[in-house]
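Next come the chains, spelled out residue by residue.
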Amino acid sequence: MSGTKDPGLAKDPGSESTPGMDPFADTLQQLRESFISGRTRPAEFRATQLKGLSRFLRENKQLLQEALAQDLHKAAFHSDISELILCQKEVDLALRDLHIWMKDEPAAKNLITQLDSAFIRKEPFGLVLILSPWNYPLNLSLGPLVGALAAGNCVVLKPSEISKSTEKVLAEVLPRYLDQSCFAVVLGGPEETGQLLEHEFDYIFFTGSTRVGKIVMTAAAKHLTPVTLELGGKNPCYVDDNCDPQTVANRVAFFRCFNAGQTCVAPDYVLCSPEMQARLVPALQSAITRFYGDDPQSSPNLGRIISEKHFQRLRGLLSCGRVVIGGQSDESDLYIAPTVLVDVQETDPVMQEEIFGPILPIVNVRSLGQAIDFINRREKPLALYAFSNSSQVVNQMLDRTSSGNFAGNEGFTYLTLTSLPFGGVGKSGMGRYHGKFSFDTFSHQRACLLSHSGLEMLKNIHYPPYSNCRQKLFTWALGSHSCTLL
Ligand code: NAD
């Protein structure tokens, strides 16, 4: 277990912990003391941390690509576009705009406070815990980390124990690039994470399943710790009769099969008319063959299922409805073929749980209204997709539903925009991040009013004894003359 001298290096509580001992206490205590010392607050310190993160990404590019390939059979190109480049963009943006984000924000004033200074100070929360999942194990660890460091927090990162190769690089290499008195990686599965969550943090940022999200929020509630929960769910994809099936099929197949379907924002199921289904299925077959060849298992561009457990779960889903494309699986290779299912019932298991694999069920609806009703009767999804040549149809879907994110005639390309907040709503999560939204998430907005000791005349109007005249004057002064002078 961890020594106290190197708080930044990975702690594996399972390896050396003594029964009855708290394996995290020393590390957390040291990080908290670093925060209290004020070390992480100056802009220069934050920038140095971010530069360290940037160097980590650049100097270990190949190591990270190899780790992601080992964990998920990710092609280097996929790792670049969905993990490394996105992280690098986040770091670059934070380094460029940190001084703007950190600036005090002037607030409007009334007559009583006219000569005072009113502003919002963005201050770090303190000790932050980041818990990340295995499907984009680098991006979903470093993405939040950029925001937490930019905001001046001390951070404990607990990567997923399931994506083992990436976990190893994060644990053994990343801390060398950061100030280890302010950052630590800890290791562990559900049991150790449960122990970790007994400690008090100032903020918890969790990405993972809705089931574990509830465990995290319950633990956080004991300490009244604020949380961001980036969760999952079933993302509907409506395909209108008025659209080109091949264009839709290309986009849906690509985003469904990306990372072997193990993407929280992947289109989870298609809603369309039986007529569109008849045109869409051959177009999906054509797209899948174009992307992955006649034998997708031999394609270097198709990922694998993360574990035996998830493979068995997905294989079970292949018996729902009728397979019209794919359906093959190979346990020895954790391979599930890109698969399309039709004649699926709402009550089938494939429509009851988040699929998280390269399987796409099609459910028939008769109209846009019926599709909207279908979506609104279920939990609010993390993402919602609508395909139509008619902007009216896309806009109706947007106006009459709710989801964390929405895309018309496109997949999850919105993730490449740091200008858009990313997060769920309802059961798909709470809070948002990316770009400046990450900095804001990890910053407490402190309301500040700095007055002068010599303005007693002005303050006199709210002291007793009260009179009607004073009350009128005070009410008038409170409500009028707002301006944003600092
Ligand atoms: P998970 O919830 O099983 O695990 C996430 C993290 O929680 C891991 O670090 C894990 O070690 C820890 N954990 C697991 N069980 C725990 C327990 N009982 N107590 C405390 N901690 C525990 O999720 P996963 O399987 O790693 O990832 C897949 C899920 O994550 C999917 O539901 C997916 O939709 C969701 N996800 C969401 C987003 C998003 O941004 N909204 C992104 C990626 C994945």
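Criteria and thresholds
- Residues numbered from 1 in each chain as written.
- Predicted model: local features only at pLDDT ≥ 70, side-chain atom pairs only at ≥ 80, totals over all residues.
- Heavy atoms only, no water.
- Helix = DSSP H or I, 4+ residues; strand = E, 2+ residues; numbered from the N terminus.
- Rg over C-alpha atoms; globule rule 2.2 N^0.38 Å.
- Buried < 20%, exposed > 50% of the residue type's maximum accessible area, 1.4 Å probe, protein only.
- Contact = heavy atoms within 4.5 Å.
- Expected span 1.5 Å × (residues − 1).
- Arc of directions from axis to C-beta.
- Salt bridge = Lys/Arg side-chain N within 4 Å of Asp/Glu carboxyl O.
- UniProt positions renumbered as here; feature names shortened; annotations may be inferred.
- Pairing = 2+ DSSP bridges.
- Axes fitted to C-alpha atoms, helices over the stretch in contact; angles between N-to-C directions.
- Near = heavy atom within 4 Å.
- Polar contact = N/O pair within 3.5 Å; in protein donor to acceptor, adjacent residues only side chain to side chain.
- Areas by Shrake-Rupley, 256 points an atom, 1.4 Å probe, with all protein chains shown as cover.
- Nonpolar A, V, L, I, M, F, W, Y, C, P; charged D, E, K, R; others polar.
- Phe/Tyr/Trp six-rings, centres within 6.5 Å; stacked < 30°, edge-to-face > 60°.
- Lys NZ or Arg CZ within 6 Å of the ring centre and 35° of its normal.
- Core = buried A, V, L, I, M, F, W, Y, C linked by side-chain atoms within 4.5 Å.
- Parallel < 35°, antiparallel > 145°, perpendicular 65-115°, else oblique.
- Left-handed = near helix turned anticlockwise from the far one by under 90°.

A. Highlighting the overall build of the protein. Across its full length, the protein carries 17 helices and 18 strands. Against the compact-globule benchmark of 23 Å for 486 residues, the protein has a radius of gyration of 26 Å, which places it among compact chains. The C-alpha extent of the protein, read off along each of the three principal axes, is 80 × 60 × 40 Å. A burial count over the protein gives 54% of its 486 residues as buried. Residue pairs in contact within the protein that sit at least 24 positions apart in sequence constitute 71% of those at least 6 positions apart.

B. Summary view of helix 4 (residues 61–72). The end-to-end C-alpha distance of helix 4, which contains 12 residues, comes to 16 Å, matching closely the 16 Å that a straight helix rising 1.5 Å per residue would cover. All of the buried residues along helix 4 are Leu64, Gln65, Ala67, Leu68, Asp71 and Leu72. Buried residues of helix 4, seen end-on, are gathered within an arc of 160° and therefore sit on one face of the element. Across helix 4 from its buried face, at more than 90 degrees, point the exposed residues Gln62 and Gln70. The secondary structure elements touched by the buried residues of helix 4 are helix 3 (43–59), helix 5 (76–102) and helix 7 (164–172).

C. Broad picture of the pattern of salt bridges. Inspection of every chain in the model, using the stated rule, returns 21 salt bridges. Of the charged contacts in the structure, one is a salt bridge between aspartate 104 and arginine 121, with a shortest N-O distance of 2.6 Å. Note that aspartate 104 is positioned in the loop between helix 5 and strand 1 (105–106) and arginine 121 in strand 2 (residues 117–124), a separation of 17 residues in sequence. Residue classification places arginine 121 among the partly exposed residues on the basis of a relative accessible area of 35%. A salt bridge links lysine 234 to aspartate 268, with the shortest nitrogen-to-oxygen separation between them at 2.5 Å.

D. Structural detail: the UniProt feature "active site" (unreviewed entry) in the protein. As recorded in UniProt, the sites labelled "active site" (unreviewed entry) are Glu230 and Cys264. Across 35 residues, the annotated set stays spatially compact, with a maximum C-alpha separation of 9.2 Å. As for its position among the elements, glutamate 230 is in strand 7 (residues 227–230). Beyond its immediate sequence surroundings of up to four residues, glutamate 230 is in contact with Phe205, Phe206, Thr207, Gly208, Phe422, Gly423, Gly424, Ser428, Gly431, Arg432 and Tyr433.

E. Structural context of the sheet that holds strand 7. The strand order 5-4-3-6-7-17 describes an open sheet built from 6 strands, whose pairing is mixed. At either margin of the open sheet sits one strand with a lone partner, and together these are strand 5 (183–185) and strand 17 (429–430). Across 3 bridges, the pairing between strand 4 (residues 154–158) and strand 5 is parallel. Following the sheet pairing, valine 155 is matched in strand 5 by phenylalanine 183. On top of the sheet, helix 8 (residues 190–197) reaches strand 3 (127–131), strand 4 and strand 6 (203–207); it is set at about 160° to strand 3, its chief contact.

F. Spatial organisation of the site of the ligand. Near the ligand, the surroundings consist of 24 residues, among which Ser132, Glu161, Ser209, Leu231 and Glu354 are the closest. Serine 132 is positioned such that a nitrogen or oxygen atom in its backbone is 2.8 Å from an oxygen atom of the ligand. Serine 209 is positioned such that a nitrogen or oxygen atom in its side chain is 2.7 Å from an oxygen atom of the ligand. Its free accessible area being 850 Å², the ligand has 92% of it covered by the protein chains. Residue composition of the shell around the ligand, by class: 12 nonpolar, 8 polar and 4 charged.

G. Spatial organisation of the side chain of glutamate 83. Looking at the secondary structure, you find glutamate 83 in helix 5. Judged by its relative accessible area of 0%, glutamate 83 falls in the buried class. A polar contact of 2.8 Å, which involves the side chain of glutamate 83, links it to the backbone nitrogen of asparagine 139. Each residue touching glutamate 83, except ones within four places of it in the same chain, is listed here: Leu68, Lys74, His78, Asn135, Tyr136, Pro137, Leu138 and Asn139.

H. Quick peek at the pairing of strand 15 (residues 383–387). Counted residue by residue, strand 15 has 5 buried out of 5 residues, so it is predominantly covered. Here strand 15 shows a buried face lined by Ala383, Tyr385 and Phe387 and a second buried face lined by Leu384 and Ala386. By the bridge criterion, 3 bridges tie strand 8 (residues 236–239) to strand 15 in an arrangement that is parallel. Counterpart to valine 239 in the pairing with strand 15 is phenylalanine 387. In terms of strand pairing, strand 15 meets strand 16 (residues 405–408) through 4 bridges, oriented parallel. What sits directly across from tyrosine 385, in strand 16, is alanine 407.

I. Quick peek at the packing of aromatic side chains. One pass over the structure, following the stated rule, counts 15 aromatic pairs. Members of the aromatic cluster, each reached through a chain of ring pairs, are Phe125, Tyr203, Phe205, Phe422, Tyr433 and Phe442. Over the ring of phenylalanine 374 we find arginine 378; its NZ or CZ atom is 3.6 Å from the centre of that ring.

J. Molecular detail of the nonpolar core. In this structure, Phe56, Leu142, Leu145 and Leu174 are the most contacted members of the largest nonpolar core, which totals 81 residues. Element by element, the count of residues in this core is highest for helix 11 (residues 274–292), at 8 residues. When sequence neighbours within four positions are dropped, the list of residues in contact with leucine 145 reads Leu53, Ile130, Val155, Leu174, Leu178 and Phe183. Core analysis: the next-biggest nonpolar cluster, separate from the first, contains 29 residues, Leu318, Cys320, Ile336 and Leu341 among them.

K. Looking closely at the packing of helix 10 (residues 245–257) against helix 11. Two numbers describe how helix 10 lies on helix 11: the axes approach to 8 Å, and their chain directions differ by 55°. By the angle between their directions, the pair helix 10 and helix 11 is classed as oblique. For the pair helix 10 and helix 11, the crossing hand works out as right-handed. Of helix 11, the residues touching helix 10 (which contributes Pro245, Gln246, Val248, Ala249, Asn250, Ala253, Phe254 and Cys257) are Met276, Arg279, Leu280, Ala283, Leu284, Ser286, Ala287, Ile288, Arg290, Phe291 and Tyr292. Of the residues belonging to the contact of helix 10 with helix 11, the class tally is 14 nonpolar, 3 polar and 2 charged.

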